[in-house]
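Take a look at the letters that make up each chain.
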Amino acid sequence: MSPLTCLHGQEALDSDNLNGRSVANSEMKKQGWAVDKSMALYHVGGWGAPYFFINRDGNMAVRPSGFNTTFTEEIDLMAVLQKIQEAGEMNTPLIIRFPEILKNRLEVLQTAFERAILLNGYRGSFQGVFPVKCNPDRYVVEDIVRFGRNFAFGLEAGSKPELLMTMACMCKASPDALLICNGYKDAEYVQLALIARQLGLNSVIVLEQEEELQIVLKMSQYLRVQPVIGVRAKLSTKHNGHWGETSGDKGKFGLSASEILSIVKTLKDVGMLDALQLLHFHIGSQIPSLSIVKEGVTEAAHIFCELSLLGAGMKYLDIGGGLGIDYDGSNSSASGMSIGYTVEEYAEQVVHAVDDACALKNVKAPTICCESGRGLVSHHSVLIFDAFSVSKPQHGGKELCRGEDVTDLLQSHDLPHQLSVLSEDLARLVNIGDLEGALACAKQLKLDCACSFKLGLVSLELRAIVDELYTSVSNLMCQESKKGNLRSLSKKAGLGMSDVINDQIVTYHTNLSIFKSVPDSWAIGQLFPIVPLHRLDEAPSVRAILCDLTCDSDGKISSFVSGNPLGKADSFLPLHKLEANRPYYLGMFLGGAYQEVLGSMHNLFGTTHVVHVLGKTGGSFQISLQLPGQTISDVLRAMLHDPLSMFEDIRSQFLDSFKAGRFGGNREATVALHILKCSFSSYTYLSHDQDHHYSVF
Ligand SMILES: *Cc1c(COP(=O)(O)O)cnc(C)c1O
């Protein structure tokens, strides 16, 4: 842990030292904490603007139309959750979608390109498409088509199922909207894409491999359709981020210069060169910097111009996806979880680069097409879940004031000589106030005690006391450092403040499956902002990592947005103490892209509930759609089990057991059967509302 991270966490958790700057009410002043401190602590302004912020009530809130949201249109996420819970059918974990955020993202992208076109005096236009692989949810795709109808926004497909889906959805789109057909293709794929043209959809078959051309020629003759063809270029431009492997000479996709020229020759030979109208490339997702955008677009624009000069009917330059998201809010290209540019700057760079190349080669400016996925859908969905318990890395720890406390604790126990010497040392160090020495000593005592235990020399009771002693010293050191009473934080005996902080990190158990809801956190260590949904007007006092419900050691999140200027992640999340009978809710943000579709059913946790929320004119909000997540039966069926016959098997066993008198009585038997039956249709996650008492009827 860097000193900076250390400090960040330390200051944040140290409520004693904070003065109540710009507090909203006296109660907060008393606590010395205000929502602006939470805004800074969780770096909400960095990754969340203009959509997410903390409101005066200390709750996470949403501005669904970004900068265009008025004060009355702000939506409190706790109010939304409360309304969902009042309706009674759904509880956490759940996804809340904000279609208005989606609409706003679409408009931001469109406006950015229109503005860049205007500023550059660019002669071509802009037409975006949404790559459905990013979030193929029916309502997301339908919304995008609906919101984008006015500016001929289209869709991109990369497989046959995606193609059929996009064909159906695009029947409601503008007839000019592009239907980009990417991915590897067989005859059936090509036939579908050609039929799309016959249906009046603007489908473009983008050749991924040279062999696909023969299929396209054959099938267009067979169906008697004039195809519109694109080629996907393999650029030498590459980005070094996690998602950059797609690009470069060894990239998985695209055609080399000679392959493209060979396609041109074949098309020319059959008199169809005018069918070649689009050039496509995709450098990879989450492009970190504008310099790479510029390099890639320039390279592709030159290929476009060359093709045009060779006589192809070039109309569209498709720059692929890659528009990034600032997950850690650092607005830098250093961390890989952020980007060093805005949507406006991205559009400006693209238009500028295309314009330059076309001017140089004197080629007519193409329609610029962009396939941004992550950039469009990440913000609009928020995952909400609860933390239901906490486990400490070590137990309790009593308050320790004087050296005599140590002696008192160990008094009635038989200590082996070495432990006895160490404990006397410890008492002395505590008494003279050398806490660092005391901590090192307590650690040694703990280690030696564990060794002695393995040799059968100390009792379990003594071991527990020694473990607690270590925790006590560590707690004491933490308290003193908050008061500024530690003279130096040397690494004496290998122990420093960061060790103490690590000792204080606890695990919050959360009602969620990381494999289902945040798979990229597990798979590629991706960072997503996670923030408590409420109590943000209170100082958090706990350093935590999060564990999920799965029985998998990988089912945890231990890397968090920090607010570090270079985006260096923190190893803990500052959280509030769990309170009895009061649920604690957390939100995970920016997960609208890829997470839902990549999620797996590990441990048979199913899809979560999804709720759509719309703002109401004049304020407040409405729940426009409630889509229940998978039930236990659903996930069993997905694994080819048959819940009905399973229930029958269990029931016949039940009847035998009942006859054999293994149930207390009629009442108990009825209850048991009822529980069995109901469970099949319940949610796969923990349910909090009741203790699961079933009334007998
Ligand atoms: C995945 C993909 C996209 C979307 O990329 P984002 O980084 O999410 O914008 C666009 N085009 C192609 C060909 C893709 O494979």
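Residues numbered from 1 in each chain as written. Predicted model: local features only at pLDDT ≥ 70, side-chain atom pairs only at ≥ 80, totals over all residues. Heavy atoms only, no water.

Brief notes about the nonpolar core
Counting residues in hydrophobic clusters, the biggest one holds 93 residues, and the most contacted among them are Phe113, Phe130 and Ile319. Contacts of Ile319, omitting those with residues within four sequence positions, involve Phe113, Phe281, Val297, Tyr346, Val350, Ile368, Cys369 and Cys370. By size, the runner-up hydrophobic cluster in this structure holds 65 residues, among which are Ile75, Val382, Leu512 and Phe589. (Core = buried A, V, L, I, M, F, W, Y, C linked by side-chain atoms within 4.5 Å. Buried < 20%, exposed > 50% of the residue type's maximum accessible area, 1.4 Å probe, protein only. Contact = heavy atoms within 4.5 Å.)

Details of the domain arrangement of the protein
By domain assignment, the protein separates into domain 1 (121-379), domain 2 (403-498) and domain 3 (633-679). Averaged C-alpha coordinates put domain 1 and domain 3 at centres separated by 54 Å. (Domains from an automatic or database assignment.)

Let's talk about the packing of helix 10 (residues 212-223) against helix 11 (residues 257-269)
Any two packed helices are characterised by how steeply their axes cross, that is the angle between the axes, and by the distance between the axes. Here helix 10 crosses helix 11 at 20 degrees, and the two axes come no closer than 11 Å. Here helix 10 lies roughly parallel to helix 11, going by the angle between them. Like other packed secondary-structure pairs, helix 10 and helix 11 cross with a definite hand, here right-handed. Across the interface between the two elements, Leu213, Gln214 and Leu217 of helix 10 pack against Ile263, Thr266 and Leu267 of helix 11. Looking at the contact of helix 10 with helix 11, its residues break down into 4 nonpolar, 2 polar and no charged. (Axes fitted to C-alpha atoms, helices over the stretch in contact; angles between N-to-C directions. Helix = DSSP H or I, 4+ residues; strand = E, 2+ residues; numbered from the N terminus. Parallel < 35°, antiparallel > 145°, perpendicular 65-115°, else oblique. Left-handed = near helix turned anticlockwise from the far one by under 90°. Nonpolar A, V, L, I, M, F, W, Y, C, P; charged D, E, K, R; others polar.)

A word on the pairing of strand 7 (residues 178-181)
Residues Leu178 and Ile180 point to one face of strand 7 and Leu179 and Cys181 to the other, with burial holding for every one of them. Sheet analysis places strand 6 (residues 154-157) next to strand 7, joined by 3 bridges and oriented parallel. Note on strand 7: the bridge partner recorded for Leu155 is Leu179. As defined by bridge partners, strand 7 adjoins strand 8 (residues 202-207) across 4 bridges and the pair is classed as parallel. Bridge pairing in strand 8 links Ile180 to Val204. In this fold, the crossover linking strand 7 to strand 8 by way of helix 9 (residues 187-198) has right-handed handedness. (Pairing = 2+ DSSP bridges. Right-handed = clockwise from strand over helix to strand, strands pointing away.)

Some details on the pairing of strand 16 (residues 542-547)
A regular strand carries its side chains on alternate faces of the sheet. By the criterion of burial, strand 16 is predominantly enclosed, with 6 of the 6 residues buried. Burial along strand 16 is two-sided: the residues Val542, Ala544 and Leu546 and Arg543, Ile545 and Cys547 are all buried. The pairing of strand 14 (residues 505-510) with strand 16 spans 5 bridges and is parallel. The partner of Val506 across the bridge, within strand 16, is Ala544.

So, the sheet that holds strand 3 (residues 75-76)
The strand order across the open sheet formed by 3 strands is 1-2-3, and the pairing between neighbours is antiparallel. The strands lining the two open edges of the sheet, one partner per strand, are strand 1 (52-54) and strand 3. The pairing of strand 1 with strand 2 (residues 60-62) spans 3 bridges and is classified as antiparallel. Paired with Ile54 across the bridge in strand 2 is Met60.

Quick word on the environment of Val141
By the secondary structure assignment, Val141 is in helix 7 (residues 138-147). Its relative accessible area of 1% is what places Val141 among the buried residues. Taking the C-alpha atoms as reference points, Val141 and Cys169, separated by 28 residues in sequence, lie 7.6 Å from one another. Dropping the residues within four chain positions of it, Val141 is found in contact with Phe130, Val132, Asn135, Pro136, Leu155, Met165 and Cys169.

Topic: the environment of Glu100
Within the secondary structure, Glu100 sits in helix 6 (residues 99-120). Residue classification places Glu100 among the partly exposed residues on the basis of a relative accessible area of 22%. Sequence separation of Glu100 and His612 is 512 residues, and the distance between their C-alpha atoms is 9.9 Å. Among all residues touching Glu100, those that are not within four sequence positions of it are Pro64, Val613, Leu614 and Gly615.

Here we look at the packing of aromatic side chains
Within this structure, the stated rule accounts for 17 aromatic pairs. Relative to Phe589, the ring of Trp47 lies with its centre 5.2 Å away and its plane at 40 degrees, an arrangement referred to as tilted. Of this pair, Trp47 sits in helix 4 (residues 44-48) while Phe589 sits in the loop between strand 19 (584-588) and helix 22 (595-598), and the two are 542 residues apart along the sequence. For the residue pair Trp47 and Phe589, the accessibility class agrees, reading buried in each case. Taking the centre distance of 6.4 Å and the plane angle of 85 degrees together, the rings of Phe151 and Phe153 count as edge-to-face. Just as Phe151 is buried, Phe153 falls in that class too. In textbook terms, an aromatic cluster arises when at least three aromatic residues are bridged by ring pairs, as seen for Trp47, Tyr51, Phe52 and Phe589. In this structure, Lys83 packs its charged tip against the face of Phe621, placed 5.2 Å from the ring centre. Arg543 extends its terminal NZ or CZ atom over the ring of Phe572, reaching a point 5.4 Å from the ring centre. (Phe/Tyr/Trp six-rings, centres within 6.5 Å; stacked < 30°, edge-to-face > 60°. Lys NZ or Arg CZ within 6 Å of the ring centre and 35° of its normal.)

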